[in-house]
Amino acid sequence: MRMLNWLPEDVSTYGKEVDSLFYLIYYITGIVFLLVTVAMIVFLIKYRYQEGRRAIYTHGSTTLEIIWTAIPAIILILLAFKSQAAWSHIKMNIPPGEVQIRVLAKQFNWDITYPGPDGKFGTEDDLPRPGDPAILDEIHVPVNKVVRVELVGKDVIHSFFLPHLRLKQDVLPGRTILAWFQATKPGRYPLPCAELCGIGHSGMLGSLIVHTPEEYAAWVKEKWPSTEKAQ
C-alpha cells in the first residue's frame, strides 16, 4: 500500500483537504487505468488473428457513447463540488497574516523581503535594509502562525512551490498575487520553482525554515536588535 501514499509529509493546516482530493482523483484514475488495461489485454487475446475468422465492422453504439460520456461528466461535476470548499478556503479567503513576507521571483532566485517590526513594506525597518545584499532563497517563519505571502514576478512565469505545505502558486510578471500557509512542524523544507523558467530553472531552489517560537524570537532579535518583537 506504500505506493498509494507517496506524497511528502504534510506539515500544513490545509494539507489534509488537498491530500484527500488528490487521492480521490488518484484512485479514480487508477481504477480506470486498470479497467482499460485489462479490457485491452482481453480484447487482444480474444480478437487475435485466427485462420478463417472474418472481421465484423460496426458503426458504433449511441447507448455506449452516451454512457462513456455521461459517467466522466458526472464524476467531473462531483469533483468540482467537492473541491469548491477547499479552493475557497485556500485561494479565495486569505486570512490576515500573523507574519508577512514578500517574495520576488526572478531568474533564478527567490528574493525575500521582510516588513520589519512595523509590519509594513516600504519602510526603514524592512529587511534587507537599503544597501544590504539581497536575501535569496531562504525564508524564515514561525511554526503555527499564519504566513501571508506577497508573490511578485520580475521576468518570466515562475511557480512558488512548497510541497510539504501543499502550496503551489504561479507567479506572473507585473502582478502581485497573495498566498498563505500555516506550518505545523518545525524544520527545513524545499522551495523549488515548479514552472520551467529558463536554462537555470533546475537551480532555482530555496528553503523554507520553520522555527519553533523560541528559535524564531532569537532570529527576529538577531535581525532587529533594537526590538524584542518584530512581527
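Everything below is about the structure printed above this text.
Residues numbered from 1 in each chain as written. Predicted model: local features only at pLDDT ≥ 70, side-chain atom pairs only at ≥ 80, totals over all residues. Heavy atoms only, no water.

Novice: When you look at a nonpolar patch on the surface in this model, what are you seeing that I'm missing?
Specialist: Side chains of Val 38, Val 42, Phe 43 and Tyr 47 sit close together on the surface and give an oily, nonpolar patch of about 410 Å² of accessible area. Tracing the chain through its elements places Val 38 in helix H1 (residues 15-46). (Patch = residues over 30% accessible without salt bridge, like charges linked within 9 Å, V, L, I, M, F, W, Y side chains within 5 Å. Areas by Shrake-Rupley, 256 points an atom, 1.4 Å probe, with all protein chains shown as cover. Salt bridge = Lys/Arg side-chain N within 4 Å of Asp/Glu carboxyl O. Helix = DSSP H or I, 4+ residues; strand = E, 2+ residues; numbered from the N terminus.)

Novice: Looking at this structure, I do not really get helix H2 (residues 62-92). What am I missing?
Specialist: It helps to recall that an α-helix has 3.6 residues per turn; residues three or four apart then point in one direction. With 31 residues, H2 should reach 45 Å at 1.5 Å per residue; the first-to-last C-alpha distance of 41 Å fits that figure. Of all bends in H2, the biggest is about 35°, found at Ser 83. Where H2 is concerned, the buried positions are Leu 79, Ala 86, Ser 88 and Ile 90. Elements that come into contact with the buried residues of H2 comprise H1 and strand S8 (176-182). (Expected span 1.5 Å × (residues − 1). Bend = angle between axes of the 7 residues up to and from the residue. Buried < 20%, exposed > 50% of the residue type's maximum accessible area, 1.4 Å probe, protein only. Contact = heavy atoms within 4.5 Å.)

Novice: Any chance you could explain helix H3 (residues 213-223) here in plain terms?
Specialist: For H3, the set of buried residues is Tyr 216, Trp 219 and Val 220. For H3, the buried positions fall inside an angular range of 100° around the axis, keeping them on one side. Turned more than 90 degrees away from the buried face of H3 sit Glu 214 and Glu 222, all of them exposed. Close packing links the buried residues of H3 with strand S1 (99-106), strand S4 (138-142) and strand S10 (205-211). (Arc of directions from axis to C-beta.)

Novice: Honestly, the side chain of Asp 111 in this entry has me stumped. Any pointers?
Specialist: Within the fold, Asp 111 resides in strand S2 (residues 109-113). Judged by its relative accessible area of 14%, Asp 111 falls in the buried class. Residues contacting Asp 111, with those up to four places away along its chain left out, are Arg 102, Val 103, Leu 104, Lys 106, Ala 134, Ile 135 and Leu 136.

Novice: What is the right way to read the pattern of salt bridges from this model?
Specialist: Where charged atoms from two side chains of opposite charge come close, those side chains can pair. In total, this model carries seven salt bridges according to the counting rule given. The closest approach of N and O atoms between Asp 111 and Lys 106, which form a salt bridge, is 3.7 Å. Two residues, Lys 223 and Glu 222, come together in a salt bridge whose shortest N-O distance is 3.9 Å. Judged by its relative accessible area of 28%, Lys 223 is partly exposed. In this structure Glu 222 comes out as exposed when scored by relative accessible area, which is 56%.

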